[in-house]
Amino acid sequence: MQGGRDTGLRAAREVIAAAAPGERIAVIGAGIAGLSAARFLKDAGFEVVLVEARDRIGGRIDTVSDKNWPFPIELGPSFVSHSGTTSLDEEFTRLGIATAPFPSASETRTDAGTVVAVPDTGQKAVATALAWATQQASDMSVQSALDGSGASKLSTTDAGGGVSEADWLAFRVATVLDIDAGASVDHQSGWYTSADAGADDERIVLGGYAGLLTKAAEGIDLLDSSVVTKLAYRDTGVSLRLGTGESLSADRVIVTVPLGVLKSGVLEFDPALPFAHRGAIADLGMGTLDKVWLQFDEPFWSTAAPLWTTVGGDEDFRVWINMMPLTGEPVLVGLVAGDTALRLAGADDATVLAAALRGLTPFYVPPTPTPTPTPAA
Ligand SMILES: Cc1cc2nc3c(=O)[nH]c(=O)nc-3n(C[C@H](O)[C@H](O)[C@H](O)COP(=O)(O)OP(=O)(O)OC[C@H]3O[C@@H](n4cnc5c(N)ncnc54)[C@H](O)[C@@H]3O)c2cc1C
């Protein structure tokens, strides 16, 4: 989110540096990047038209407020971290949207439900592999770096609590690398992946990420349900063709559609984008991260840890957010990424639910039986 906001603002500043006062600027895409650019340009006195394919703003920000749920559900982003450049976290405070600190350390359980301390085995193996990769002549996947460096050759015998060294590497990969990138390690770069876990200053947004959007969109001319299918750009200005057959002209344009849209070619550029842009679009990949929200009548768990992970076993869901200590409600959020997420995306709800519940088994605490009174002799 910080990155989306930063790039939107950077593009807006570049436009301001090149444009004459009062020019008409089209912004394509009303996600955080497009909205940030549009807001900045509007506040700087430009005429702005924001063109959005969907019938709502926000893009991947997708907050659902539903009477069946006790608080807003985030189908897209939930977390915000502090950045020296944009301070999105402070924006939530300014807007009165509740956030709470979120720990990076999880409670980790084995398949059998035993709570275990996480050793640095997995982290060290990944760090060794990435250091080795930087010494190689060309980039490679993290998986190739793990194998090529020998860092993945770990013992499969029980190193304590029924968990082997190899299990701890698989744990690191599944709960940190896959989730951070939304991609499996055979798709992550050995040169550009970080060996560290995410920032330790993350906050979880409880009051609805979408609260950011209303203020950002205030007073901006929005053309929603309008897919841009062609963008013709000349020295004299730009012309946008919409899926409805209508067209729109502006002096300049900022394009914030996702990489996946650029890769699909549904948006035609005339002339074609410069060679380097096309090369980057072709080479980069999109990650996949999916969430499953589950609401229970009663908690079946006894831990107050907000973040849960599991080690060993072959569950699809190994990372869980426990909303109970944050909201008082028995709601859990399961995260899946990369190849697992892509496989489950094609499954029906019952299959996904079964996979999610299997991942929760280590946290299940059977109810204590009520003692039956002994009849008096
Ligand atoms: C499940 C999930 C969880 C995430 N969690 C976090 C998190 O906790 N913290 C975090 O910082 N980030 C998180 N992210 C990432 C974050 O959501 C994205 O990086 C960010 O929202 C991207 O914003 P954007 O404006 O670049 O793109 P988008 O939000 O995708 O906006 C692009 C917009 O362009 C529109 N568009 C596309 N094609 C066209 C077209 N042809 N014509 C007109 N409009 C078009 C789309 O409809 C969309 O509204 C998460 C993402 C997902 C999916």
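Residues numbered from 1 in each chain as written. Predicted model: local features only at pLDDT ≥ 70, side-chain atom pairs only at ≥ 80, totals over all residues. Heavy atoms only, no water.

The protein chain is annotated in an unreviewed UniProt entry as FAD-dependent oxidoreductase of Cryobacterium zhongshanensis.

Trainee: How should the domain arrangement of the protein chain be read in this particular structure?
Mentor: Often, the extent of an interface is quoted as the loss of accessible area upon association of its parts. When cut into domains, the protein chain gives domain 1 (2-61 + 210-283) and domain 2 (287-363). The C-alpha-based centres of domain 1 and domain 2 are spaced at 35 Å. (Domains from an automatic or database assignment.)

Trainee: In this structure, what is going on with the sheet that holds strand 12 (residues 237-242)? I would like to understand it.
Mentor: Each strand in a sheet pairs with its neighbour through backbone hydrogen bonds, running either in the same direction (parallel) or in the opposite one (antiparallel). Spatially, the four strands line up as an open sheet ordered 13-12-11-15, and their pairing is mixed. The strands lining the two open edges of the sheet, one partner per strand, are strand 13 (247-250) and strand 15 (268-270). With strand direction ignored, the average angle separating the axes of adjacent strands in the sheet is 15 degrees. In this sheet, strand 15 lies alongside strand 11 (residues 228-234) in parallel orientation, the contact comprising three bridges. Across the sheet, the residue bridging to Leu231 is Phe269, located in strand 15. (Pairing = 2+ DSSP bridges. Helix = DSSP H or I, 4+ residues; strand = E, 2+ residues; numbered from the N terminus. Axes fitted to C-alpha atoms, helices over the stretch in contact; angles between N-to-C directions.)

Trainee: Honestly, helix 12 (residues 349-360) in this entry has me stumped. Any pointers?
Mentor: One turn of an α-helix holds 3.6 residues; hence residues three or four places apart share an orientation. Taking 1.5 Å per residue as the helical rise, helix 12 with its 12 residues ought to reach 16 Å, and the 16 Å between its terminal C-alpha atoms agrees with that figure. All buried positions along helix 12 are accounted for by Val352, Ala355, Ala356, Gly359 and Leu360. The buried residues of helix 12 all sit within an arc of 140 degrees when viewed along its axis, so they share a single face. Of the surrounding secondary structure, the elements contacted by the buried residues of helix 12 are strand 16 (289-295), strand 17 (307-311), strand 18 (319-322), strand 19 (331-337) and helix 11 (338-345). (Expected span 1.5 Å × (residues − 1). Buried < 20%, exposed > 50% of the residue type's maximum accessible area, 1.4 Å probe, protein only. Arc of directions from axis to C-beta. Contact = heavy atoms within 4.5 Å.)

Trainee: Please explain the site of the ligand as it appears in this structure.
Mentor: Among the 27 residues in the neighbourhood of the ligand, the closest are listed as Met1, Glu52, Arg60, Phe79 and Val228. Interatomic distance of 3.1 Å between a side-chain N/O atom of Arg54 and an oxygen atom of the ligand. (Near = heavy atom within 4 Å. Polar contact = N/O pair within 3.5 Å; in protein donor to acceptor, adjacent residues only side chain to side chain.)

Trainee: How do you make sense of the pattern of salt bridges when you look at a structure like this?
Mentor: Here the idea is simple: oppositely charged side chains can pair when their charged atoms come close. What the rule picks out here adds up to 12 salt bridges. One salt bridge connects Glu14 with Arg10, and the closest N-O pair in it is separated by 3.6 Å. Note that Glu14 and Arg10 are positioned in helix 1 (residues 2-18) at a spacing of four residues, about one turn of the helix. Taken together, the salt bridges that share partners define one network made up of Arg5, Glu91 and Arg94. (Salt bridge = Lys/Arg side-chain N within 4 Å of Asp/Glu carboxyl O.)

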